[in-house]
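Close look at the chain arrangement
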Amino acid sequence: MFTKQLSTPLKLIKRCYNRVTPEIISSLKHQLGEGQISTSQSVREHHGKDESSIRITIPDVVVFPQTTKDVSMVLKLCNHNEIPVIPFGTGTGLAGGVSPLMSCVSMDLTKMDQIVDLHVEDFDVTVQPGVTRKQINNYLKDYGLMFPVDPGADASLCGMAATSASGTNAVKYGTMKSNVLNMEVVLADGTVIHTAGKGRRSRKSAAGYNLTNLFIGTEGTLGVITSATLKLYGIPEMKTSAVCQFKTVGGAIRSTIEVIQNGIDIARIEFLDEMSMRLCKRYSKLDYMSEEPTLFLEFQGSQKTIEDYIELTSQITKSNGGGEFMYTLKQEDTNQLWAARHNYFYAVLASSPNKKSYTTDVAVPISRLEQVVEEAREIINKSGFLGPIAGHVGDGNFHAILLFNPADAEEVQRCNHVAHEISKLALRHDGTCTGEHGIGLEKKLILPEEVGMESVDVMKKLKMALDPKGILNPGKLLA
Ligand SMILES: Cc1cc2c(cc1C)N(C[C@H](O)[C@H](O)[C@H](O)COP(=O)(O)OP(=O)(O)OC[C@H]1O[C@@H](n3cnc4c(N)ncnc43)[C@H](O)[C@@H]1O)c1[nH]c(=O)[nH]c(=O)c1N2
Ligand SMILES: CC(C)CC(=O)C(=O)O
Ligand SMILES: [Mn+2]
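Along each chain, residues carry numbers from 1 onward, in the same order as the chain's sequence is written. The order in which chains are written sets their letters, starting at A; the order in which ligands are written sets their numbers, starting at 1. Under the rules for a predicted model, residues below a pLDDT of 70 receive no local features and side-chain atom pairs below 80 are neither given nor counted, while totals for whole chains, interfaces and linings still include all residues. Heavy atoms from the whole structure form the basis of all side-chain values; hydrogens and water molecules are not counted.

1. Here's the deal with the sheet that holds strand E3 (residues 85–88)
Taken together, 4 strands build an open sheet; the order of strands is E1-E2-E4-E3 and the sheet is mixed. Among the strands making up the open sheet, the edge pair consists of strand E1 (37–38) and E3. Where E3 meets strand E4 (residues 105–108), 4 bridges bridge the pair, whose relative direction is parallel. In the strand pairing of E4, Pro-87 is matched with Met-107. Along the sheet face, helix H2 (residues 22–32) touches E1, strand E2 (61–63) and E4 and points at about 15° away from the line of E2. Two strands are said to pair when DSSP picks up at least two bridges between them. Each helix is a run of DSSP H or I of at least 4 residues and each strand a run of E of at least 2, with the numbering of both proceeding from the N terminus. Contacts: residue pairs with any heavy atoms within 4.5 Å of one another. The angle between two axes is taken between their N-to-C directions and runs from 0 to 180 degrees, where each axis is a line fitted to C-alpha atoms and a helix contributes only its stretch in contact.

Structure, rendered in structure tokens:
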């Protein structure tokens, strides 16, 4: 099995944990029932990895709780016996968050898959952790409502809260941080809390510490999220997608910066460089486009608003050397466009079947974006790695997918180093190493550089207060 950065995270685990013994497995069976626990090799392998290239070890056992009470019982048992527990949503993460570093229990939440409560008149819904973003949107469309946060994968909504996910719509609708009103969370000792108070779903609250946002982005290290109350939005009256291609990366990025700085309420603005376009054209058959730096855009609102935005945006792209502003796409072309964007990762992977990928995820203030994309390209070119760049440029967030040969240890190290250099570049420009994928195993060494050692100490104190035995997803996020 391929192992990435194996020595670093293991060396950084300072605690000792107990192993999952046959007695523990019997106790779990006794508590949950035979059908809710698996020790099969294939199930354990599935739960030992996400969609990143990190493979270290696999859990000893996978449990499938069906209720919050089940989650609480498992945590109590594991906490008492000092056994690590790793929450598992849909395993689409990109930072190694579900990969175990030692003997552990993987807690798969997919059987808790109920939509608990929909309030159409208040635009909110409460879901259990197994509900995915596509499932909720299928359910909501009959009510004229939607939940906009859209990582390319069909991730679980609570996994998305756990990683502070976003996607192509965040430039208009925000990320998980601004779209969760309340969460039920089970703490390491089995205590169940509601971060905003049981049943509360007001749009505003000034009642004490913001526990909801505290748990967002904790990647399973502070508690298991067993429900989330989400903000909803009306499905827009009209949507128009557009494509504009450029001779230079700078032209596309400068256009994005000007769109944002001019306050155009763009719904989506996604950048793909020429290499990304070459791979997407091949994989998703975008036949009418060329292999040039490209923006995929979407406008929403009334016909008049959309026309005004298109007028302004096309002036901006033209003044930055953009080609034809293609906005009269047929519905099937629009669907194909956004499907191609969501499948971007697979388009890149398909181009090099023998390689693995390391995806960077930096985000910077919008005024720095052009320089940072340019410098990231220079770093990648100098390194010799293939590394297409694409991303949610309206948020100043972009990804380089670095392709490396997993059989070559030196190349693996060099690839990690290049990714680290790109993260450091973003920090020099007042940005972050991760806009949306999270720290996981990949980026924990750069976290202190980003937030400062004092802030990391506060995080460690929080961890110690809520999970004193350190059983929740050990070795992730904090070194
Ligand atoms: C093709 C493609 C495209 C994208 C992405 C992936 C892929 C494969 N992603 C990344 C991924 O979809 C995103 O990180 C999801 O939020 C992960 O959700 P899962 O349910 O799969 O969590 P997964 O099971 O992978 O777990 C991720 C982390 O959260 C923890 N966790 C999961 N469920 C939990 C729960 N209920 N309680 C507590 N902790 C829990 C886990 O322990 C782990 O640390 C992404 N992301 C993004 O933000 N923007 C994007 O554009 C994309 N695009
Ligand atoms: C592998 C990544 C490029 C996935 C992602 O975040 C995206 O497509 O925006
Ligand atoms: Mn992304």
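2. Digging into the domain arrangement of the protein
Domain borders in the structure are assigned automatically or taken from a domain database. By domain assignment, the protein separates into domain 1 (3–110 + 461–466), domain 2 (115–234), domain 3 (238–345) and domain 4 (352–438). For domain 1 and domain 4, the distance between their C-alpha centres works out to 30 Å. On the domain 4 side, the residues contacting the 5 residues of domain 1 number 8 residues. Summed over both sides, the interface between domain 1 and domain 4 buries roughly 620 Å², with carbon and sulfur atoms accounting for 52% of that surface. Here the buried area means the combined drop in accessible surface, using a 1.4 Å probe, for two parts upon being joined, counting both sides.

3. With respect to the coordination of the manganese ion (ligand 3)
In an ideal octahedron of six donors the angles at the metal are 90 or 180 degrees, and in an ideal tetrahedron of four donors they are 109.5 degrees. Here the coordinating atoms are restricted to nitrogen, oxygen and sulfur within 2.8 Å of the metal centre, or 3.2 Å for Na, K and Ca, and because water is not among them the sites may look incomplete. The coordination sphere of the manganese ion (ligand 3) contains the protein donors His-392 (NE2), His-399 (NE2) and Glu-436 (OE), at a distance range of 1.9 to 2.2 Å. Donor angles set the geometry label: tetrahedral for four donors if every angle is between 85 and 135 degrees, square planar for four and octahedral for six if opposite donors exceed 155 degrees and the others are between 65 and 115, irregular for anything else. Here the manganese ion (ligand 3) is ringed by 6 donor atoms whose angles at the metal span 74 to 173°, and the overall shape comes out octahedral. Between consecutive donor residues of the manganese ion (ligand 3), the sequence gaps follow H-x6-H-x36-E. Placement of the pair is His-392 in the loop between strand E17 (389–391) and strand E18 (399–404) and Glu-436 in the loop between helix H15 (409–428) and helix H16 (447–451), with a sequence separation of 44 residues. In terms of burial, His-392 and Glu-436 fall into one category: buried. Burial classes follow relative accessibility: with a 1.4 Å probe on protein chains only, a residue under 20% of its type's maximum area counts as buried, one over 50% as exposed, and anything between as partly exposed.

4. Details of helix H13 (residues 344–351)
Considered for burial, the residues of H13 that qualify are Tyr-344, Phe-345, Ala-347 and Val-348. Considered in projection along H13, the buried side chains sweep an arc of 165° and stay on one side of the axis. Close packing links the buried residues of H13 with strand E13 (268–272), helix H10 (274–284), helix H12 (331–342), strand E16 (356–359), E17 and E18. Each direction from the helix axis to a C-beta atom contributes to the arc, which is the arc of those directions.

5. Some remarks on the state of the cysteines
Two cysteine sulfur atoms make up a disulfide if the distance between them is within 2.5 Å. Taken as a whole, this structure holds 0 disulfides when the rule is applied. Cysteine Cys-158 remains unbridged, with the sulfur of Cys-78 as its closest cysteine sulfur at 20 Å. For Cys-158, a relative accessible area of 4% translates into the label buried.

6. Some details on the environment of His-437
Within the secondary structure, His-437 sits in the loop between H15 and H16. Sequence separation of His-437 and Pro-388 is 49 residues, and the distance between their C-alpha atoms is 18 Å. Residues in contact with His-437, not counting those within four places in the same chain, are Leu-94, Ala-95, Thr-163, Thr-359, Asp-361, His-399 and Lys-443. Polar contact is defined as a pair of N or O atoms within 3.5 Å, subject to the rule that within protein one atom must be able to donate a hydrogen and the other to accept it, and that residues adjacent in sequence are counted only when both atoms are side-chain atoms. Separated by 3.4 Å, the side chains of His-437 and Glu-436 make a polar contact.

7. Topic: the sheet that holds strand E6 (residues 124–127)
Hydrogen bonding along the main chain pairs the strands of a sheet, whether they run parallel or antiparallel. A sheet is described by the order of its strands in space; here 5 strands give the open sequence E5-E6-E10-E8-E9, paired in antiparallel fashion. At either end of the open sheet lies a strand with only one pairing partner, and these are strand E5 (115–119) and strand E9 (192–194). Across the sheet, the mean angle from the axis of one strand to that of its neighbour is 10°, orientation sign disregarded. Bridge analysis of E6 against strand E10 (residues 224–231) gives 4 bridges, and the strand direction is antiparallel.

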